[in-house]
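Residues per chain, in single letters:
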Amino acid sequence: MASTLPDPHPDTDKVAAPPPDRPALRIEAHGIDHIPDGERHGRARELFSVWAAANVNYLNLVVGGALVLMGLTLWQALAVLTVGNAFWVLTGLLAVSGPAAGAPSEVITRALYGVIGNRANNAVTGWTISVCYFALNLSAAAVAAFSLVEKVGITADTGVKVVVIVVIAALTLTISVYGHAVIVKLYPVITLVLAAVFAVVAVAVVRHADFTYTPAHHLTGLDLWATVLTGVTLIAAGPLSYTTSADFSRYLPRTAPSRAIVGWTALGGFLPSMVVSSLGALAATTVDMTDPQSALESILPTWFTPFFLLALVLGTIAINALTAYSAGLALQAVGLRIRRSVSVLFDGTAAVALTLYGLLVSNFLDTVNNVLQLTVVLLGPSMAIYATDIVLRRNQYDGQALGDETRGSAFWYRGGINWAGAAAVVAGATTSALCVDTLYTGPLAAALGGLDLALPAGMVVACVCYAVAMRRSLAGRR
């Protein structure tokens, strides 16, 4: 698909060569403002390590093991992982809009929803969901860190737990505050470190795995398809949550090939996610993955356990730094006139508060975790609309025009809202909600015997509705 996207600025070969890379140890000055051509630099292949470092993590091990626990055979689980992770191609497609506009996703989506409508979009899909994911990931890292401090002889009482959570959050937010340059410089190193650690994990898992594993009760017919669809949705929720991939590609020159941007982004997400989640599935054939950390420790060399726990924490820091970075941009795009660094700190404070409350006071994070299973209801249609807009506009975005929030803006539409985008996301999300079968069973899912078609149904409806409405609108503008 990306190969059909022409360079919207064919004369950019006349632009002066970009300056040397910015010093990494400097807080990023840009927020949601347009990145001038003179400040563009880098190559598309840099995107691989950005996404790879964020996807060699504990949660991928967990979801891989969950597929086997749901009753799938090993090979069925691997097939589900392949299909679910294929959605990283859409994440890659969205990334091509960054260099075209010189703006982050949080601004580009003004073309989809209008200046005012996009503020609501960023408040919900950009900020609220991101902060919840930050809290869930932080809690996973904290549990691993608690185990690590216990192994060195420190009792993980409430005070120690608070300190551990705050320290992990501080490290994460430091990366996010320094921003894009630090991420690009640091993540190749993180990728190599995590790859080395998980290579040892892979050897241990493969040695113990039962490649002939079959569940005690074979799933067949409708039960099998219902489980497969649920599994695909669970895996696809990862790439679908990154409707902000342009945030990390916007500094690339306009001339960066679209195909390369799609490819390196998608590969950076797909490859590590597939490998690590497959290890989780393999491990589930021989150990009880209802407690993944303890289960994996039981088959790892004793001396290696601290390195494994540190890797779990490091991987979570990597993924949360990207989440906090985008959440900070979303907060600016909502309309708060604050620096990006300040907005990132605000996001982190909110996430730490949720984590502390969830781990130390109640089961709040369990509730949030269940609710986030429903985020595909909104994220699926949102990504479908964004991808459709890129194709309809042939990836031609005017970054400076997108930065105009006045009533005279080309993206003010009617009353500040692009009703084509608003109607499409409502139609897609409503359809998806009718088909869901997680915390509740939607009427369409019930009619189909529990088949959860929320992901494909919501995305298709949103895509078709938006394409029909916007073709007319864009034709009228021409």
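About the thresholds
The residue numbering used here restarts from 1 in each chain and proceeds along that chain's sequence as written. Residue-level local features of this predicted model are given only where pLDDT is at least 70; pairs of side-chain atoms are given and counted only at 80 or more, and the full residue set underlies all totals for whole chains, interfaces and linings. In computing side-chain values, all of the structure's heavy atoms are included and hydrogens and water are not. Strands are runs of DSSP state E lasting at least 2 residues, helices are runs of H or I lasting at least 4, and numbering of each runs from the N terminus. Radius of gyration: C-alpha atoms only; globule rule: 2.2 Å multiplied by the number of residues to the exponent 0.38. Exposure is judged per residue with a 1.4 Å probe applied to protein chains only, and the accessible area is read against the type maximum: over 50% gives exposed, under 20% gives buried, and values in between give partly exposed. Two residues form a contact once any of their heavy atoms are found within 4.5 Å. The Shrake-Rupley method, run with a 1.4 Å probe, gives the accessible areas here. Residue values count only the displayed protein chains as cover. Here Asp and Glu are counted as negative and Lys and Arg as positive; His is not counted, and neither are the chain ends. Every charge is mapped onto a representative atom, which is NZ of Lys, CZ of Arg, CG of Asp or CD of Glu. Under the rule applied, a polar contact is a pair of N or O atoms within 3.5 Å (in protein, one hydrogen donor and one hydrogen acceptor; residues adjacent in sequence only if both atoms are side-chain atoms). Within 6.5 Å between ring centres, the rings of Phe, Tyr and Trp (the latter by its six-membered ring) count as paired, and their orientation is classed by plane angle as stacked under 30 degrees, edge-to-face over 60, tilted in between. Think of pLDDT as the predictor's per-residue confidence, scored from 0 to 100. Only buried residues count toward a nonpolar core. Its members are Ala, Val, Leu, Ile, Met, Phe, Trp, Tyr and Cys residues joined through side-chain atoms within 4.5 Å. The salt bridge definition used is simple: a Lys or Arg side-chain nitrogen within 4 Å of an Asp or Glu carboxyl oxygen. The term disulfide is used for any two cysteine sulfur atoms that are within 2.5 Å. By definition here, a helix of n residues has an expected span of 1.5 Å times n minus one. Candidate patch residues must exceed 30% relative accessible area and have no salt bridge, after which like charges are joined if within 9 Å and Val, Leu, Ile, Met, Phe, Trp or Tyr side chains if within 5 Å.

1. Side note on the overall build of the protein
Here is step 1 of the chain: Broken down by element type, the protein carries 21 helices and 0 strands.
Here is step 2 of the chain: Over its C-alpha atoms the protein spans a radius of gyration of 22 Å, differing by no more than 12% from the 23 Å that the globule rule assigns to 478 residues.
Here is step 3 of the chain: If you line up the protein on its principal axes, its C-alpha atoms span 65 × 55 × 40 Å.
Here is step 4 of the chain: Across the 478 residues of the protein, 57% fall into the buried class.
Here is step 5 of the chain: In the protein, 84% of the contacts between residues at least 6 apart in sequence involve partners at least 24 apart.
Here is step 6 of the chain: Counting every atom, the protein has about 19,200 Å² of accessible surface; 66% of that belongs to carbon and sulfur.
Here is step 7 of the chain: Charged side chains of the protein number 26 positive and 26 negative; the gap between the two group centres comes to 10 Å.

2. Here we look at unusual backbone geometry
Here is step 1 of the chain: Located in the positive-phi region is arginine 394, a residue other than glycine, with phi close to 55°.
Here is step 2 of the chain: Its location among the elements puts arginine 394 in the loop between helix H17 (376-392) and helix H18 (399-402).
Here is step 3 of the chain: Owing to a relative accessible area of 42%, arginine 394 belongs among the partly exposed residues under this scheme.
Here is step 4 of the chain: If you check the backbone angles, tyrosine 413 has positive phi at about 55° while not being a glycine.
Here is step 5 of the chain: Mapped onto the elements, tyrosine 413 comes out in the loop between H18 and helix H19 (419-435).

3. Regarding the side chain of threonine 388
Here is step 1 of the chain: Along the polypeptide, threonine 388 turns up in helix H17.
Here is step 2 of the chain: A relative accessible area of 9% means that threonine 388 is categorised as buried.
Here is step 3 of the chain: Within the structure, the side chain of threonine 388 is placed 2.7 Å from the backbone oxygen of alanine 384, a separation counted as a polar contact.
Here is step 4 of the chain: For threonine 388, the contacting residues outside a window of four places in its chain are Cys463, Tyr466 and Ala467.

4. Topic: the packing of aromatic side chains
How two aromatic rings sit relative to each other is set out by the distance from centre to centre and by the angle between their planes.
Here is step 1 of the chain: This model, assessed by the stated rule, comprises 11 aromatic pairs.
Here is step 2 of the chain: With centroids separated by 5.6 Å and ring planes inclined at 90°, the aromatic side chains of tryptophan 51 and phenylalanine 248 adopt a geometry described as edge-to-face. In this pair, tryptophan 51 sits in helix H1 (residues 46-55) while phenylalanine 248 sits in the loop between helix H11 (221-240) and helix H12 (258-283), placing the two residues 197 residues apart along the sequence. Accessibility classification places tryptophan 51 together with phenylalanine 248 in one group, the buried group.
Here is step 3 of the chain: Members of the aromatic cluster, joined through ring pairs, are Trp51, Trp88, Tyr242, Phe248 and Tyr325.

5. Some details on the confidence of the model for the protein
Segments scoring low in pLDDT should not have their predicted coordinates read at a detailed level.
Here is step 1 of the chain: Averaged over all residues, the pLDDT of the protein equals 88, while 91% of them reach at least 70.
Here is step 2 of the chain: Of all the helices and strands in the protein, helix H16 (residues 364-372) carries the lowest mean pLDDT, 55, while helix H4 (residues 88-95) carries the highest, 98.
Here is step 3 of the chain: Confidence drops under pLDDT 50 across residues 1-21; counting only partners more than four residues distant or on other chains, this segment forms 35 contacts.

6. A few points about the nonpolar core
Here is step 1 of the chain: Ranked by size, the top nonpolar core spans 135 residues in total, and within it Tyr187, Phe198, Leu240 and Phe308 carry the most contacts.
Here is step 2 of the chain: The element that contributes the greatest number of residues to this core is helix H14 (residues 305-334), accounting for 16 residues.
Here is step 3 of the chain: Excluding residues within four positions of it along the chain, phenylalanine 198 makes contact with Val56, Leu61, Val276, Leu279, Ala311 and Leu312.
Here is step 4 of the chain: With 6 residues, the next largest nonpolar core counts Ala429, Cys435, Val436 and Ala454 among its residues.

7. Structural notes on the pattern of salt bridges
Here is step 1 of the chain: Following the criterion strictly, the structure yields 8 salt bridges and no others.
Here is step 2 of the chain: The residue arginine 254 makes a salt bridge to aspartate 37 at a minimum N-O spacing of 2.6 Å. In this pair, arginine 254 sits in the loop between H11 and H12 while aspartate 37 sits in the segment before H1, placing the two residues 217 residues apart along the sequence.
Here is step 3 of the chain: One salt bridge in this structure joins lysine 151 and glutamate 297, with 3.5 Å as the shortest N-O distance. With lysine 151 in helix H8 (residues 115-151) and glutamate 297 in helix H13 (residues 292-299), this residue pair connects regions lying 146 residues apart in the sequence.
Here is step 4 of the chain: A relative accessible area of 46% means that lysine 151 is categorised as partly exposed.
Here is step 5 of the chain: By sharing partners, the salt bridges in this structure join Arg110, Arg119, Arg337 and Glu405 into a single network.

8. Focus on the state of the cysteines
Here is step 1 of the chain: For the structure shown, the criterion picks out 0 disulfides.
Here is step 2 of the chain: Considering cysteine sulfurs only, cysteine 465 is the nearest to cysteine 463, which forms no disulfide, with 9.3 Å between them.

9. Focus: the environment of glycine 380
Here is step 1 of the chain: On the secondary structure map, glycine 380 appears in helix H17.
Here is step 2 of the chain: Between the C-alpha atom of glycine 380 and that of tryptophan 225, which follows or precedes it by 155 residues, the distance is 20 Å.
Here is step 3 of the chain: Not counting residues within four places of it along the chain, the set of residues in contact with glycine 380 comprises Leu240 and Met459.

10. Re helix H15 (residues 340-360)
In an α-helix there are 3.6 residues to a turn, and that puts residues three or four apart on one side.
Here is step 1 of the chain: Between its terminal C-alpha atoms H15 stretches 30 Å, which fits the 30 Å expected from 21 residues at 1.5 Å a residue.
Here is step 2 of the chain: By the burial criterion, the buried members of H15 are Arg340, Ser341, Ser343, Val344, Asp347, Gly348, Ala351, Val352, Thr355 and Gly358.

11. Some words on a nonpolar patch on the surface
Here is step 1 of the chain: On the surface, Trp264, Leu267, Leu271 and Val275 cluster together into a nonpolar patch covering about 320 Å² of accessible area.
Here is step 2 of the chain: Inspection of the secondary structure assignment puts tryptophan 264 in helix H12.

12. Side note on H1
Here is step 1 of the chain: Burial analysis of H1 places 8 of its 10 residues in the buried class, which makes it a mostly covered element.
Here is step 2 of the chain: The complete set of buried residues in H1 reads Leu47, Ser49, Val50, Trp51, Ala52, Ala53, Ala54 and Asn55.
Here is step 3 of the chain: Looking at the buried positions of H1, the neighbouring elements they touch are helix H2 (58-69), H4, helix H10 (180-208), H12 and H14.

13. A word on the environment of tryptophan 127
Here is step 1 of the chain: Among the structural elements, tryptophan 127 can be located in helix H8.
Here is step 2 of the chain: Remark: the alpha-carbon pair of tryptophan 127 and glycine 328, spanning 201 residues in sequence, is separated by 7.7 Å.
Here is step 3 of the chain: For tryptophan 127, the residues in contact, after removing those within four places along its chain, are Asn122, Ala327, Ala330, Leu331, Phe346, Asp347 and Ala350.

14. Description of the side chain of threonine 191
Here is step 1 of the chain: Mapped onto the elements, threonine 191 comes out in helix H10.
Here is step 2 of the chain: Judged by its relative accessible area of 14%, threonine 191 falls in the buried class.
Here is step 3 of the chain: A distance of 3.3 Å separates a polar side-chain atom of threonine 191 from the backbone nitrogen of alanine 53.
Here is step 4 of the chain: Here threonine 191 is in contact with Ser49, Ala52 and Ala53, once residues within four sequence places are set aside.

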